[in-house]
Amino acid sequence: MSLPNCPKCNSEYVYEDGILLVCPECAYEWDPNEAAEEEGLVVLDSNGTRLSDGDSVTIVKNLKVKGASKDLKQGTRIKNIRLVEGNHNIDCKIDGFGAMKLKSEFVKKI
Ligand SMILES: [Zn+2]
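Residues numbered from 1 in each chain as written. Predicted model: local features only at pLDDT ≥ 70, side-chain atom pairs only at ≥ 80, totals over all residues. Heavy atoms only, no water.

**So, the overall build of the protein**
- The helix and strand tally for the protein stands at one helix and eleven strands.
- Walking the protein from its N terminus toward its C terminus, one meets helices and strands in the order β-β-β-α-β-β-β-β-β-β-β-β.
- Taken over the C-alpha trace, the protein has a radius of gyration of 18 Å; the compact-globule value for 110 residues is 13 Å, which it surpasses by more than 25%.
- Counting the 110 residues in the protein, one finds 27% classified as buried. (Helix = DSSP H or I, 4+ residues; strand = E, 2+ residues; numbered from the N terminus. Rg over C-alpha atoms; globule rule 2.2 N^0.38 Å. Buried < 20%, exposed > 50% of the residue type's maximum accessible area, 1.4 Å probe, protein only.)

Have a look at this one:
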């Protein structure tokens, strides 16, 4: 049975210490049973609802898009979002715009 990578630094050299898992590279310790529930990124929409990979959302305000000739309109539906780390934490494809990244604060889960 293999241990998970460190959730902080993604190190593969995690080892068990009692009920805890310990990362030798960043010294992070955690309880794997707790970690299982919090696994993945926590990305909240404009209402504070947690988003998941594969969710559908709508845009809650008109957004300017760099390099595009038109704005992203409020109410635009986006299917099958993917959560990513960073300031723009949603990866998606939008008809007429193609692949782009959005901030979760500008969307609402459908
Ligand atoms: Zn680590």
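**Some points on the sheet that holds strand 11 (residues 107–109)**
- If you trace the three strands from one edge of the open sheet to the other, you get 7-6-11, paired in antiparallel fashion. Each edge of the sheet is formed by a strand with only one pairing partner; in this case those strands are strand 7 (77–78) and strand 11.
- Looking at chain direction, strand 6 (residues 57–59) and strand 7 are connected through two bridges and run antiparallel. In the strand pairing of strand 7, Val57 is matched with Ile78. (Pairing = 2+ DSSP bridges.)

**A word on the layout of surface pockets**
- In this model, the second largest pocket occupies a volume close to 170 Å³.
- If you go around the second largest pocket, the residues you meet are Leu63, Lys64, Val65, Lys66, Leu72, His88, Met100, Lys101, Leu102, Lys103 and Phe106.
- Looking at side-chain class alone, the lining of the second largest pocket contains six nonpolar, one polar and four charged residues. (1 Å grid on protein atoms, 1.4 Å probe; cavity = no way out; pocket = protein on both sides within 12 Å on 5 of 7 lines; lining within 4 Å. Points joined across faces, edges and corners; volume = space filled by probe spheres on them. Nonpolar A, V, L, I, M, F, W, Y, C, P; charged D, E, K, R; others polar.)

**Re the side chain of Asp45**
- Secondary-structure assignment places Asp45 in the loop between strand 4 (43–44) and strand 5 (50–51).
- No salt bridge is formed by the buried Asp45; the nearest opposite charge belongs to Lys109, separated by 7.5 Å.
- One polar contact links the side chain of Asp45 to the main-chain amide nitrogen of Lys109, over a distance of 2.9 Å.
- Apart from the residues within four sequence positions on either side, Asp45 is in contact with Leu51, Ser104, Val107, Lys108 and Lys109. (Lys, Arg positive; Asp, Glu negative; His and termini not counted. Salt bridge = Lys/Arg side-chain N within 4 Å of Asp/Glu carboxyl O. Polar contact = N/O pair within 3.5 Å; in protein donor to acceptor, adjacent residues only side chain to side chain. Contact = heavy atoms within 4.5 Å.)

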